[in-house]
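# Analysis of the macromolecular model
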Amino acid sequence: MPIDSTPRPWWLEPLEETTGIVGLSDAEAKARFARFGPNLFRQRQKKSLLRQYLARFKNPLVLILLAASAVSAFTGELANFLIISCIVLLSVTLDFVQEYRANAAAEKLRQSVSVRVNVLRDGQPMEIAVTTVVPGDIALLAAGDLIPADGRVLEARDFFVKQTLLTGESYPVEKRPGVLPDTATDLQEATNAVFMGTSVISGSARMLVVKTGADTAIGEIADSVSRSAEPTSFETGTRRFGMLIMRLTILMVMFVLLVNAFFHKPWLESFLFAVALAVGLTPELLPMVISVTLSRGALRMAKKHMIVKRLSAIQDLGSMDVLCTDKTGTLTEARIHLEKHVDAEGRPSERVLELAYFNSFFETGLKSPLDEAILGHRHIGIGAWKKIDEVPFDFERRRVSVLIDNGAARWLVVKGAPDEIVGLCTHYEADDAKLQRPLDEAALAGIRGQQHALEEEGFRVLGIAWRQVSLDHPHAVVSDETELVLAGFAAFLDPPKESAASALQALKKAGVAIKIVTGDSDLVTRHVCAQLKIPVTGLLTGKEIAQMDDHALQARVETANLFCRVNPTEKERVIRALKARGHVVGYMGDGINDAPSLHSADVGLSVDSAVDVAKEAADMILLQQDLHVLHAGVLEGRRTFGNIMKYIMMGTSSNFGNMFSMAGASLFLPFLPMLPTQILLNNILYDISEIPIPLDQVDTSETRTPRVLDMNFVRNFMLVIGPISSLFDFLTFYIMLVVFQANEKLFQTGWFVESLCTQVLVIFIIRTRKNPLKSRAHPLLTAASLTIATIAVLLPFTPLGTYFGFVPPPAKFYLILGAMVLAYLCIVELAKQGFYRWSGAAKRPRKVAI
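My aim in this report is to walk through the structure given alongside it, one point at a time. (Residues numbered from 1 in each chain as written. Predicted model: local features only at pLDDT ≥ 70, side-chain atom pairs only at ≥ 80, totals over all residues. Heavy atoms only, no water.)

## A look at the overall build of the protein
We apply this condition: Secondary structure elements are taken from DSSP: a helix is a run of H or I of four residues or more, a strand is a run of E of two residues or more, and numbering for both begins at the N terminus. Per-residue accessibility, obtained with a 1.4 Å probe over protein chains only, is compared with the maximum for each type, and a residue is labelled buried under 20%, exposed over 50%, and partly exposed between these values. Contact definition: two residues touch when any of their heavy atoms are within 4.5 Å. For accessible areas, the Shrake-Rupley method is used with a probe of radius 1.4 Å. Any residue's cover is judged against the shown protein chains and nothing else.
Helix and strand counts for the protein stand at 31 helices and 23 strands. Residues counted as buried form 56% of the 850 residues belonging to the protein. Long-range contacts, defined here as pairs at least 24 residues apart, represent 74% of the contacts in the protein between residues at least 6 apart. Surface accessibility of the protein: about 37200 Å² in total, with carbon and sulfur atoms responsible for 59%.

## Describing the packing of helix 26 (residues 711–739) against helix 31 (residues 811–839)
Let me state the cut-off plainly: The axes are straight lines fitted to the C-alpha atoms, using for helices just the contacting stretch, and the angles between their N-to-C directions are given from 0 to 180°. Orientation is classified from the angle alone, with under 35 degrees giving roughly parallel, over 145 giving roughly antiparallel, 65 to 115 giving roughly perpendicular, and any other angle giving oblique. If you view the pair so one helix is near and one far, a crossing is left-handed when the near helix is turned anticlockwise from the far one by less than a right angle, and right-handed when it is turned clockwise. Three classes are used, and their members are as follows: Ala, Val, Leu, Ile, Met, Phe, Trp, Tyr, Cys and Pro are nonpolar, Asp, Glu, Lys and Arg are charged, and the others, Gly among them, are polar.
As a packed pair, helix 26 and helix 31 sit with axes 10 Å apart at the nearest point and diverge in direction by 160°. Between helix 26 and helix 31, the interaxial angle falls into the category roughly antiparallel. The interaxial crossing formed by helix 26 with helix 31 has right-handed handedness. In terms of residue class, the contact of helix 26 with helix 31 is built from 21 nonpolar, four polar and two charged.

## Some words on helix 29 (residues 779–794)
Here is the rule: Expected span of a helix: the number of residues minus one, times 1.5 Å. Arc definition: directions from the helix axis to the C-beta atoms.
With 16 residues, helix 29 extends 22 Å from end C-alpha to end C-alpha; this agrees with the ideal 22 Å at 1.5 Å per step. Three or more residues of helix 29 are buried, namely Leu 781, Ala 784, Ser 785, Ile 788, Ala 789 and Ala 792. Taken end-on, helix 29 shows its buried residues confined to a sector of 125°, consistent with a single buried face. Those residues of helix 29 hidden inside the fold are in contact with helix 25 (676–690), helix 27 (744–761) and helix 28 (763–766).

## Re the state of the cysteines
The line we're drawing: Counting rule for disulfides: a pair of cysteine sulfur atoms within 2.5 Å.
Here the structure, examined in full by the defined rule, presents zero disulfides. Counting only cysteine sulfurs, Cys 564 is the nearest neighbor of Cys 529, a cysteine outside any disulfide, at a range of 7.8 Å. By relative accessible area, which is 1% here, Cys 529 ends up buried.

## Comments concerning the environment of Ala 73
Mapped onto the elements, Ala 73 comes out in helix 3 (residues 60–74). Judged by its relative accessible area of 25%, Ala 73 is partly exposed.

## Quick notes on the packing of helix 23 (residues 627–651) against helix 26
Direction vectors running N to C along helix 23 and helix 26 enclose 45°, while the axes themselves pass 9 Å from each other. One way to sum up the angle between helix 23 and helix 26 is to call them oblique. For helix 23 against helix 26, the interelement crossing comes out right-handed. The segment helix 23 lies against helix 26, with Met 645, Ile 648 and Met 649 engaging Phe 713, Val 714 and Phe 717. Its residues assigned to classes, the contact of helix 23 with helix 26 shows six nonpolar, no polar and no charged.

## Digging into the packing of aromatic side chains
How we decide: Here is the rule: rings of Phe, Tyr and Trp (six-membered ring for Trp) pair when centre to centre is within 6.5 Å. Planes less than 30 degrees apart are stacked, more than 60 are edge-to-face, and the remainder are tilted. By definition, being over a ring means that NZ of Lys or CZ of Arg is both within 6 Å of the ring centre and within 35 degrees of the ring normal.
Counted under the stated rule, the structure contains 25 aromatic pairs. Considering the side-chain rings of Phe 713 and Tyr 836, the 6.2 Å spacing of their centres and the 20° angle between planes classify their relative orientation as stacked. Residue Phe 713 is found in helix 26, and its partner Tyr 836 is found in helix 31; the two are separated by 123 residues along the sequence. The same class applies to Phe 713 as to Tyr 836, namely buried. We note Arg 351 situated over the ring of Trp 466; from NZ or CZ to the ring centre the distance is 4.7 Å.

## Things to note about empty space enclosed by the protein
As a reminder of what qualifies: Points on a 1 Å grid over protein atoms alone make up a cavity when a 1.4 Å probe fits among them but cannot get out, and a pocket when they form an open set with protein on both sides within 12 Å along at least five of seven lines; lining residues each have an atom within 4 Å of a point. Grid points are joined across faces, edges and corners, and a volume is the space filled by probe spheres set on the points.
For the coordinates displayed, the defined rule picks out six cavities of 30 Å³ or more. Taken as a whole, the largest cavity encloses approximately 140 Å³ of empty space. Tallied by class, residues from the lining of the largest cavity come to six nonpolar, three polar and six charged.

## What to know about the pairing of strand 11 (residues 386–394)
Going by this rule: Only when DSSP finds a minimum of two bridges between them are two strands counted as paired.
Two strands pair when backbone bridges link them, and strand 11 and strand 12 (residues 399–405) are joined in this way by six bridges, in the antiparallel orientation. Each bridged residue has a counterpart across the sheet, and for Lys 386 the counterpart in strand 12 is Asp 405. Here strand 11 folds back onto strand 12 in antiparallel fashion, the turn holding four residues, of which Arg 398 has a positive phi close to 60°.

## A word on a positive patch on the surface
To be explicit about the condition: Within the patch definition used here, like charges are joined within 9 Å and nonpolar side chains (Val, Leu, Ile, Met, Phe, Trp, Tyr) within 5 Å, considering only residues with over 30% relative accessible area and no salt bridge. The salt bridge criterion pairs a side-chain nitrogen of Lys or Arg with a carboxyl oxygen of Asp or Glu, the two atoms within 4 Å. In this tally, Lys and Arg are treated as positive and Asp and Glu as negative; His is ignored, and so are the chain termini. Where a charge lies is defined by one atom per residue type, namely NZ (Lys), CZ (Arg), CG (Asp) and CD (Glu).
A cluster of like positive charges, contributed by Lys 509, Arg 704, Lys 770 and Lys 774, occupies part of the molecular surface. Along the chain, the position of Lys 774 falls in the loop between helix 28 and helix 29.

Structure, rendered in structure tokens:
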């Protein structure tokens, strides 16, 4: 008989000495952390600073340069070897230091909003980071928490967990302590265990942590359950930009090598020249500029009460042209008050308040603001009533039921969305609950009228119903929620937020459309919109969305700006439909049901008071639930985008034009137009002048509308500005060869000075769409640019210049150079203004319903 070698699941193993456990001691927890490591199912090995630095040398161009310098050393060109090696080391070190500091600052911010969990240590509850949980910890769980690890349930109170991620089950599963039969080997049968990454829907529990990190169920299947995020529009744009530059670089390098081979020029010198040309064309500082600019943006946003978890989300926030949000807490104060409790005929009813109080008091799910309003309205004595069981709230049923007993009677009390509750009732209470009347069509019409009248006044309405069951009725299940008796309605008021109207106007002016996606009725939502002066351009309900296919929904989402009575699945469909229409979509949510939508949106936004599930799914955390904070974040995202675009525009215009000239010059010159070491020096000095770009101010006009990285725009800009740079380079060639009758060294010196001065100074033209005299650059950018230009002018007169092969140009050269640079900057400014007028670069924002 074959022996089953399948290991026995840990949830079937007996628990040892779990009774009266007070948790680990601090010393034991540290020892176990050292043994098991951090609680990460995809643990990233943190490289040492030295390894991070050495990793920079994996860049193919860097390796080619180092190899070329080694060849120079073997052939006796020690000066070339030293110069190339020093320049490469300086470039790599500069990139590493800047990016390391930027990433360290951003990581510190991310840690400030990391998910935490309550555990027992030395018998006392304490809050720790999820990553520090170790086997043996006792975790205290409540509704809205993420399960921090795999473990056994020790105690549970109506504890329901959603574990769709692992098992595919769409409904919450109840978990209880206890021993399971040996046949319960599947995850779905492990009712005494909980698993990392799942979430608590209702109830509370204590769990003993058994498995952490890669040993958990989700850790074992991490690659299959986690889908890589789709690249954002900015990430796609930068990738296309890189491919464009790479293709141009390969073509130009091949051209130079072929030309030099045809003219029988020295092979090593030609090879070094081609490699140096590739370095000059490659935007090697782009990753550093992006990292530094994004981290600075994250630090600035933190000062404005927004914490960035995913750095690239800053770009998405700046590009966002549609924001989907619920109205509670965003458009309203989230200070909900119970204003009315009426029976089915519209008369005030203490019976309705009593039943609503019982339901809210005994339910163990995450207390909603409505529950808190009921419990805070007035204290009602519970007496002999005790809870037997409950059916927790879910977003498909949109109701919660509790089974209660006082020894003489047993009731099922149900509270939820009024449409759902009324639909489950067969009778209603009348005459102060003394009578129960059948719910016929006439009565139903009157009751619906009462509900709609309350909603039209702006009240949020809950239906309250109940039914009596037998005293031996053991459990509450969904099928019990039938043949109910309608007690009446509880009506709540959530006043509009005073700051919401002005914030909405600011977002509208910034080109961001607001679409309200809510579980409330359309009547309540319309009332809030009227108070905030939000025009309703179109309305879709959850039922209508459920009946549409994706193409029909995509056609309707463009004009509709209210989506009411929607469940989480329908919310996610709305977001995907908007993205399919080409919009960059943000979603703001703070509840258990918001996680799918936060994942689907281009940028997920939550608040610091949100449940763990929502905070974990979000890309950014607002420390204040205020649209003004979000508006400030949007503008910061656009400033960040603007500064990155400055570097891209520089790299594809003046810099590219100079490299193109260099390749063209090799056609007719009997010598190299610039030595490889001179090209590398030119490149490193230019890069140094660009380092302060992340600090630069961005014109207000650049932040007025959403912008995305448009490669057609970048290419067209390159084709307009690049040739102007090349034109002045060829003019320099003519002056050096004809006017000054320059030899090889004087020619290379003159062009080095001219190309570096034009490359560096043109930043003042390209950095703004306006007149450069009316838009001041950051003082550090100005100082860096002028310093590099000065170095270029003075370098030929220094001993260092002789090592690079420079000779002092005549004084007349600098007079001509000054005139040429001035003329070049003026012509680029004229071309820039013409380009923006021709291209319509200041495009109007896409028209969407606001």
